[in-house]
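What follows is each chain in one-letter form.
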Amino acid sequence: MVIKKYRVNNMTEALTRIRYELGKDAVIVSQRKIRKGGIFGLFTKKILEVTAAVENNKNDSSKDMQESIDAIKKLMSNKLGEEAVVSKVSTEVEKRSQDRIEIKEDMEEKVRSNRVIYDENLIERYNEKIVEEVQQMKSMINEMMNMNNIQKSGKGKVQLKLEKCDLNENLAKRIVDKVNKIEESKTEDEKVREVVEDMINVVPTKLDNVVVLVGPTGVGKTTTIAKLAGRLALLEKKKVGLITIDTYRIGAVEQLKTYADIMNIPFKVVLSIKDMELAIESMKDCDVILVDTTGRSSKNTMQISELRAFVDKVNTENIHLVISCTTKNKDIEVIVNGYKLLNYNSIIVTKLDETSTYGSILNILECADKPISFVTTGQNVPDDIKMMNPKELTNLILGEEVIC
Ligand SMILES: Nc1nc2c(ncn2[C@@H]2O[C@H](COP(=O)(O)OP(=O)(O)O)[C@@H](O)[C@H]2O)c(=O)[nH]1
Ligand SMILES: [Mg+2]
């Protein structure tokens, strides 16, 4: 806000100067006649004193604001303690608000006493400006507090970036430690990529003999079995058989039977360990037998042991733990460890299309300490399944690519 007094001979002269110097948005706040010159009040001349005001974004508020922001940035870069910074900023905010309130009151008082028409919009805009400035200051204070909290937590930029990608805290810390040990002259990003890529072990899965999928309910085991069956039978022209021991869920049998019918491949429902032997025997001319299992609670060792009896009977090294990449970090540990009783050899991570951060993939692989065989990326059978190499998976994990 610029407020300026003009001593002129008449109003026309005042208006001309005000318009020229303050622009067309200026308003007249007050006007009065005063005496000028003379000796001891004699021979004085009556002139007009006109006070005009204009809100001036560039030259006033924004400049003040910019100065404050610059001051804060300087304080931040000087790494002052949190309290010192915040109290300094708070004082700035208060001072600025107070200044503006005083000017406003002053202006209103002048307008009232001189009965000058004034621009309501100007006051309104002026108030909005105050709110804006205070909000801006507030967000800067928050940002600074966050920065200081981060500093206090001792976490560096890389650690925070990894955690933002949903990698769990411990894993992110381990990656940072490994990055810090790399001596070659590479950028930090390159080092992080190298470490993450190194942690991913992909198995070029050969689907033959008997393939068993285990994992919690709803992660996509049956859908994945259907996708694999489709690829093997339709694309690779292999003889495929389907077995399910998922008789607990209503509709589970029908779901797989429908796929088997569509693909015209043999399908058996197994209810007992004895049935399992017979079913495998009946499909011995198949190149691949895919076995779907019941989703059991990984917390219930009884249920897992029961399932193990079936899986043991199959006698295969081709057991995949199926787990969704939308699984919460804490649950990953419970699932991965709970299913270890089934001696799975590799991991299938499903539902990559349902999230935009993929750190959980590495959380799963590291926790299980097993290679990854497939990822699934949607509900379409048989299309939405693929193998990904470590580079592609690293791109996803570090948030450089997304699955739509
Ligand atoms: N978005 C998405 N949904 C999937 C994927 N795989 C399976 N689903 C869906 O997840 C739900 C449960 O799948 P299902 O195969 O019955 O899981 P199961 O209980 O482990 O056998 C179904 O609605 C599937 O269509 C996937 O990769 N992406
Ligand atoms: Mg199922």
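- Under an unreviewed UniProt entry, the name given to the protein is Flagellar biosynthesis protein FlhF, and the organism recorded is Clostridium magnum DSM 2767.

1. Some details on the packing of helix H10 (residues 273–282) against helix H11 (residues 301–314)
Next up, step 1: Relative to each other, H10 and H11 sit at 30 degrees, their axes nearing to 9 Å. Our classification of the angle between H10 and H11 gives roughly parallel. The hand of the H10/H11 crossing is right-handed. Residues Ile273, Met276, Glu277 and Ile280 of H10 pack against Ala309, Phe310, Lys313 and Val314 of H11.
Next up, step 2: Its residues assigned to classes, the contact of H10 with H11 comprises six nonpolar, no polar and two charged.

2. Quick notes on H10
Next up, step 1: Within H10, the full set of buried residues consists of Met276, Ala279 and Ile280. The buried residues of H10 occupy an angular sector of 95 degrees when the element is viewed end-on, so they sit on one face.
Next up, step 2: Next to the buried residues of H10 lie strand E4 (209–214), strand E5 (240–244), strand E6 (267–269), strand E7 (288–292) and H11.

3. What to know about the layout of surface pockets
Next up, step 1: Volume-wise, the largest pocket comes out at about 400 Å³.
Next up, step 2: Lining the largest pocket are 25 residues, and of these Gly218, Val219, Gly220, Thr223 and Lys351 sit closest to its centre.
Next up, step 3: Looking at the lining of the largest pocket, the elements with two or more residues in it are helix H8 (221–235) and helix H9 (252–263).
Next up, step 4: For the lining of the largest pocket, the leading source of residues is H8, giving five residues.
Next up, step 5: For the lining of the largest pocket, the class distribution of residues is three nonpolar, 14 polar and eight charged.
Next up, step 6: For the second largest pocket, the calculated volume is near 220 Å³.
Next up, step 7: Around the second largest pocket, the lining residues are Asn168, Asn170, Leu171, Arg174, Asn329, Lys330, Ile332, Glu333, Asn363, Glu366 and Cys367.
Next up, step 8: For the lining of the second largest pocket, the secondary-structure elements that each account for two or more residues are helix H6 (169–181), helix H12 (329–338) and helix H13 (359–368).
Next up, step 9: Ranked by residue count, the leading element in the lining of the second largest pocket is H12, at four residues.
Next up, step 10: In terms of residue class, the lining of the second largest pocket is made up of three nonpolar, four polar and four charged.

4. Concerning H11
Next up, step 1: The terminal C-alpha atoms of H11 lie 20 Å apart, and with 14 residues this matches the ideal 20 Å at 1.5 Å per residue to within 8%.
Next up, step 2: Within H11 the residues assigned to the buried category are Ile304, Leu307, Phe310, Val311 and Val314.
Next up, step 3: Buried residues belonging to H11 abut E4, H10, strand E8 (319–324) and H12.
Next up, step 4: In the segment just after H11, asparagine 315 is the residue with positive phi, at about 55 degrees.

5. A look at the confidence of the model for the protein
Next up, step 1: Averaged over every residue, the pLDDT of the protein is 83; residues scoring 70 or more account for 77%.
Next up, step 2: In the model of the protein, helix H2 (residues 57–77) stands out as the element of lowest mean pLDDT, 56, in contrast to strand E9 (residues 346–350), which has the highest, 97.

6. Quick look at the sheet that holds strand E1 (residues 2–8)
Next up, step 1: An order of E1-E3-E2 is seen for the three strands of this open sheet, with the pairing classed as antiparallel. Each having just a single partner strand, E1 and strand E2 (27–36) make up the two edges of the open sheet. Strand-to-strand twist across the sheet, computed as the mean angle between neighbouring axes with direction ignored, equals 20 degrees.
Next up, step 2: In this sheet, strand E3 (residues 45–54) lies alongside E1 in antiparallel orientation, the contact comprising seven bridges. Counterpart to isoleucine 3 in the pairing with E3 is alanine 53.

7. Concerning the packing of helix H5 (residues 157–164) against H6
Next up, step 1: Interaxial distance between H5 and H6 falls to 9 Å at its minimum, and their mutual angle equals 140 degrees. Comparing their axes, H6 and H5 come out oblique. Between H5 and H6 lies a crossing whose hand is right-handed. The segment H5 lies against H6, with Val158, Gln159, Leu162 and Glu163 engaging Glu169, Ala172, Lys173, Ile175 and Val176.
Next up, step 2: Taken together, the residues that form the contact of H5 with H6 break down as five nonpolar, one polar and three charged.

8. Re the pairing of E3
Next up, step 1: The buried count for E3 comes to eight of ten residues, which makes it a mostly enclosed element.
Next up, step 2: The pairing of E2 with E3 spans nine bridges and is classified as antiparallel. Looking at E3, one finds that arginine 35 is bridged to lysine 46.

9. Quick notes on the sheet that holds strand E10 (residues 372–376)
Next up, step 1: The mixed open sheet is built from eight strands, whose spatial order is E6-E5-E7-E4-E8-E9-E10-E11. Each end of this open sheet is capped by a strand with a single partner; those strands are E6 and strand E11 (385–386).
Next up, step 2: Relative to E6, E5 runs parallel, the two being bridged by three bridges. When the sheet's bridge partners are listed, leucine 242 is paired in E6 with phenylalanine 267.
Next up, step 3: Relative to E7, H8 is tilted by about 170 degrees, and along the sheet it contacts E4, E5, E7, E8, E9, E10 and E11.

Parameters and conventions
Residues numbered from 1 in each chain as written. Chains lettered and ligands numbered in written order. Predicted model: local features only at pLDDT ≥ 70, side-chain atom pairs only at ≥ 80, totals over all residues. Heavy atoms only, no water. Axes fitted to C-alpha atoms, helices over the stretch in contact; angles between N-to-C directions. Helix = DSSP H or I, 4+ residues; strand = E, 2+ residues; numbered from the N terminus. Parallel < 35°, antiparallel > 145°, perpendicular 65-115°, else oblique. Left-handed = near helix turned anticlockwise from the far one by under 90°. Contact = heavy atoms within 4.5 Å. Nonpolar A, V, L, I, M, F, W, Y, C, P; charged D, E, K, R; others polar. Buried < 20%, exposed > 50% of the residue type's maximum accessible area, 1.4 Å probe, protein only. Arc of directions from axis to C-beta. 1 Å grid on protein atoms, 1.4 Å probe; cavity = no way out; pocket = protein on both sides within 12 Å on 5 of 7 lines; lining within 4 Å. Points joined across faces, edges and corners; volume = space filled by probe spheres on them. Expected span 1.5 Å × (residues − 1). pLDDT = per-residue confidence, 0-100. Pairing = 2+ DSSP bridges.

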